[in-house]
Amino acid sequence: RDRRALVTSFANLAAKVVTLATSFATVPLTLHYLGNERFGLWMTISSLTALLAFADLGLGNGLLNAISDASGREDSTAIRRVIASAGAMLSGIALLLLLTLVPTILLVNWSDLFGLTDSAAISELTPALLVFVACFVSNIVAGVIGRTQLGLQMGFLNGIAAAIGSLIGLAAVLLAIYLGAGLPWLIAGLLGGPLLALIGSGVWLFVHLRPDLIPRCDDVESATMVRLARLGGLFFVLQMASALAFASDNLIGARYAGAAAVGEFAIATKLFSVVVILVPMFLGPLWPAYGEAISRGDITWVRRTLMRSTCLAAVLAGAGAMALLAMFGPLTELWLQRQPAVSSTLLVGLAAWSLINALGTSIAMFLNGAHVVWEQTVIAVVFAGVCLAAKLYFVGRHGLDAIPWATSITYTLVVLVPYGLLLPGILRRLSTAR
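The text that follows walks through the structure, step by step, so that each part is easy to find. Since we're looking at a predicted model, the values are computed, not measured. (Residues numbered from 1 in each chain as written. Predicted model: local features only at pLDDT ≥ 70, side-chain atom pairs only at ≥ 80, totals over all residues. Heavy atoms only, no water.)

## Overview of the overall build of the protein chain
Here comes step 1: On a plain count of helices and strands, the protein chain comes out with 17 helices and zero strands.
Here comes step 2: Rg of the C-alpha trace for the protein chain: 23 Å, near the compact-globule value of 22 Å for 434 residues, within the 12% margin.
Here comes step 3: In terms of overall dimensions, the protein chain has a C-alpha envelope of 65 × 55 × 35 Å along the principal axes.
Here comes step 4: In the protein chain, which comprises 434 residues, the proportion classed as buried is 46%.
Here comes step 5: When contacts within the protein chain are restricted to residue pairs at least 6 apart in sequence, long-range pairs at least 24 apart make up 85% of them.
Here comes step 6: Only carbon and sulfur atoms are counted for the fraction: they give 70% of the accessible area of the protein chain, which is about 20100 Å². (Helix = DSSP H or I, 4+ residues; strand = E, 2+ residues; numbered from the N terminus. Rg over C-alpha atoms; globule rule 2.2 N^0.38 Å. Buried < 20%, exposed > 50% of the residue type's maximum accessible area, 1.4 Å probe, protein only. Contact = heavy atoms within 4.5 Å. Areas by Shrake-Rupley, 256 points an atom, 1.4 Å probe, with all protein chains shown as cover.)

Right, here's the structure in full:
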């Protein structure tokens, strides 16, 4: 269990490095090849892939929980049923999106909406959107593969597939440029590469590693679908509340401080986001590990791992934040050839948030694995409202420097304190159930 979590963490880290490297490499290539207007379309359409995090309505996370629980019981039949049921539900969502988005793309005059003047961009816009939708809905269904791998504590397959997919996508983009292909082909290459790699990892999982888990049509169960829908709905609300709390910073900043100030603020947050992204990447594999351990009744491992992972998260996040705080000037000078005009108050606030976020993520991985989702959802909804109100109030009076402090203080009071109150009772309940 520990070995698989560690291997998955390093595989995810490697995949993230490869993905970021290929992402940075495609920017100068496509900018020169496409020109300003078509490049703007390329960036806009590519950024829409972030919607994948919400398009499955939380079913992917519900699937992960159900698989880790069944895996702990070594119940292959139950695993097949949740895979088949989730696959059927996600296929329905994908079909509904396809029937909605395709007519919308064909009927709306998108060139006017985007304000296009270049004839090549106008002619390629509709085909490019259709290609994006095709890849988008395919990824929704293929997401079953990734969540199954994570639930079985084989998330390293997902990480390897992500790295290979990014490289395939880069190669496809280079080939499209070499052949003089249009924007639709670039999008097909960029999004199709990771999709093909994910499908390939699924074939390896179900054919070579676990053929006993290949789902059949009669494995689809209405009761399982209802259970996944309820759990997925909670995860969906949890995701939306978190996105509302954290994704509003630039909008609030632009409203009170102007776009220029937001640009400097965004540079600082971008640099500290390295800690916010990488630390949870190491903690993520513990989610299914907790679920499997709880299902087996191994509460001793759960307690020990929760303590160790929380301490490790604090050390890693604290060390990373302090290093960025000390090296912010030289790093931004190297990166941007200039130093952003930001205050030490903002930088210290971002460092504090990096540490606090790591602590909350460590506990959240345990709560997810323990199926404590309803309580998390309620806390997240309350936090989103309180956090937004605090940001609006303090930013209006103290400027952008207040944003990370408002986030840190409200998260500590509304999230970490309730988590601390919940943990002893949850651990006692798990020990008693054992």
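## Things to note about the packing of aromatic side chains
What characterises a pair of aromatic rings is the spacing of the ring centres plus the angle enclosed by the ring planes.
Here comes step 1: Taken as a whole, this structure holds seven aromatic pairs when the rule is applied.
Here comes step 2: Centre to centre, the rings of Tyr393 and Phe394 are 5.0 Å apart; their planes meet at 90 degrees, and the pair counts as edge-to-face.
Here comes step 3: Since its relative accessible area comes to 35%, Phe394 is described here as partly exposed.
Here comes step 4: An aromatic cluster of three or more residues is present, and its members are Tyr290, Trp301 and Phe366. (Phe/Tyr/Trp six-rings, centres within 6.5 Å; stacked < 30°, edge-to-face > 60°.)

## Overview of helix H13 (residues 286–296)
Here comes step 1: Counting buried residues along H13, nine of its 11 residues qualify, which places the element largely inside the surrounding structure.
Here comes step 2: When H13 is considered as a whole, its buried residues turn out to be Leu286, Trp287, Pro288, Ala289, Tyr290, Gly291, Glu292, Ala293 and Ile294.

## Digging into empty space enclosed by the protein
Here comes step 1: In this structure the tally under the stated criterion is one cavity of 30 Å³ or more.
Here comes step 2: Considering only enclosed or pocket space, the largest cavity measures out at about 50 Å³ in volume.
Here comes step 3: Along its surface, the largest cavity is lined by Arg1, Arg4, Ala5, Thr8, Leu150, Gln153, Gly155, Pro285, Pro288 and Ala289.
Here comes step 4: When contributions to the lining of the largest cavity are tallied by element, the ones reaching two or more residues are helix H1 (2–34) and H13.
Here comes step 5: Top contributing element to the lining of the largest cavity by residue count: H1, with three residues.
Here comes step 6: Taken together, the residues of the lining of the largest cavity sort by class into five nonpolar, three polar and two charged. (1 Å grid on protein atoms, 1.4 Å probe; cavity = no way out; pocket = protein on both sides within 12 Å on 5 of 7 lines; lining within 4 Å. Points joined across faces, edges and corners; volume = space filled by probe spheres on them. Nonpolar A, V, L, I, M, F, W, Y, C, P; charged D, E, K, R; others polar.)

## A closer look at the nonpolar core
Here comes step 1: Core analysis: the largest hydrophobic core is formed by 64 residues, its most contacted members being Tyr290, Val302, Phe366 and Leu367.
Here comes step 2: The biggest single contributor to this core is helix H15 (residues 344–369), with 12 residues.
Here comes step 3: Excluding residues within four positions of it along the chain, Tyr290 makes contact with Trp301, Val302, Thr305, Leu306, Ser309, Met365, Phe366 and Gly369.
Here comes step 4: Judged by nonpolar contacts, the second largest core, of 46 residues, contains Ala66, Ile83, Leu152 and Leu213. (Core = buried A, V, L, I, M, F, W, Y, C linked by side-chain atoms within 4.5 Å.)

## Brief notes about helix H8 (residues 155–179)
Here comes step 1: Along its 25 residues, H8 runs 36 Å from first to last C-alpha, staying within 8% of the 36 Å computed at 1.5 Å per residue.
Here comes step 2: Once H8 ends, the next one or two residues include Gly180, with phi positive near 75 degrees. (Expected span 1.5 Å × (residues − 1).)

## Topic: the pattern of salt bridges
Here comes step 1: Applying the stated rule across the entire model yields eight salt bridges.
Here comes step 2: The partner of Glu74 in a salt bridge is Arg296, and the shortest N-O contact between them spans 3.2 Å. Taken together, the residues span a long stretch of sequence, with Glu74 in the loop between helix H4 (59–72) and helix H5 (76–107) and Arg296 in helix H13 at a distance of 222 residues.
Here comes step 3: Residue classification places Glu74 among the exposed positions, given a relative accessible area of 58%.
Here comes step 4: Measuring nitrogen to oxygen at the nearest pair gives 3.3 Å for the salt bridge that ties Arg81 to Glu221. In this pair, Arg81 sits in helix H5 while Glu221 sits in the loop between helix H9 (183–209) and helix H10 (222–246), placing the two residues 140 residues apart along the sequence.
Here comes step 5: For Glu221, a relative accessible area of 27% puts it in the partly exposed group.
Here comes step 6: One network of salt bridges, in which partners are shared, links Asp69, Arg73 and Asp75. (Salt bridge = Lys/Arg side-chain N within 4 Å of Asp/Glu carboxyl O.)

## Quick word on the layout of surface pockets
Here comes step 1: What the second largest pocket holds in volume is close to 380 Å³.
Here comes step 2: For the lining of the second largest pocket, the secondary-structure elements that each account for two or more residues are H1, helix H12 (259–283) and helix H14 (299–336).
Here comes step 3: Take the lining of the second largest pocket: its biggest share by element is eight residues, from H14.
Here comes step 4: Within the lining of the second largest pocket, the residues separate by chemical class into 12 nonpolar, three polar and three charged.

## Quick look at unusual backbone geometry
Here comes step 1: Positive phi outside glycine occurs at Glu74, with the angle close to 55 degrees.
Here comes step 2: Of note, the phi angle at His371 is positive, near 65 degrees, even though the residue is not glycine.
Here comes step 3: Within the secondary structure layout, His371 lies in the loop between H15 and helix H16 (374–398).

## A short note on a nonpolar patch on the surface
Here comes step 1: Taken together, the side chains of Val348, Trp405, Ile409, Leu413, Val417 and Leu421 make up a nonpolar region of the molecular surface, amounting to roughly 580 Å² of accessible area.
Here comes step 2: Top element by residues in the nonpolar patch is helix H17 (residues 402–433). It accounts for five residues.
Here comes step 3: Following the sequence through the fold, Val417 ends up in helix H17. (Patch = residues over 30% accessible without salt bridge, like charges linked within 9 Å, V, L, I, M, F, W, Y side chains within 5 Å.)

## A look at the side chain of Gln153
Here comes step 1: Assignment of secondary structure puts Gln153 in the loop between helix H7 (119–151) and H8.
Here comes step 2: Here Glu292 takes part through its side chain, which lies 3.1 Å from a polar atom of the side chain of Gln153.
Here comes step 3: For Gln153, the contacting residues outside a window of four places in its chain are Arg1, Arg4, Thr8, Pro288, Ala289 and Glu292. (Polar contact = N/O pair within 3.5 Å; in protein donor to acceptor, adjacent residues only side chain to side chain.)

## Observations concerning the packing of H13 against H15
Here comes step 1: Packing of H13 against H15 brings their axes to within 7 Å, and their N-to-C directions diverge by 45 degrees. One element, H13, and the other, H15, form an angle in the oblique class. The chirality of how H13 crosses H15 is right-handed. Along the contact surface, H13 presents Trp287, Tyr290, Gly291 and Ile294, while H15 presents Met365, Phe366, Asn368 and Gly369.
Here comes step 2: Grouping the constituent residues of the contact of H13 with H15 by class yields five nonpolar, three polar and no charged. (Axes fitted to C-alpha atoms, helices over the stretch in contact; angles between N-to-C directions. Parallel < 35°, antiparallel > 145°, perpendicular 65-115°, else oblique. Left-handed = near helix turned anticlockwise from the far one by under 90°.)

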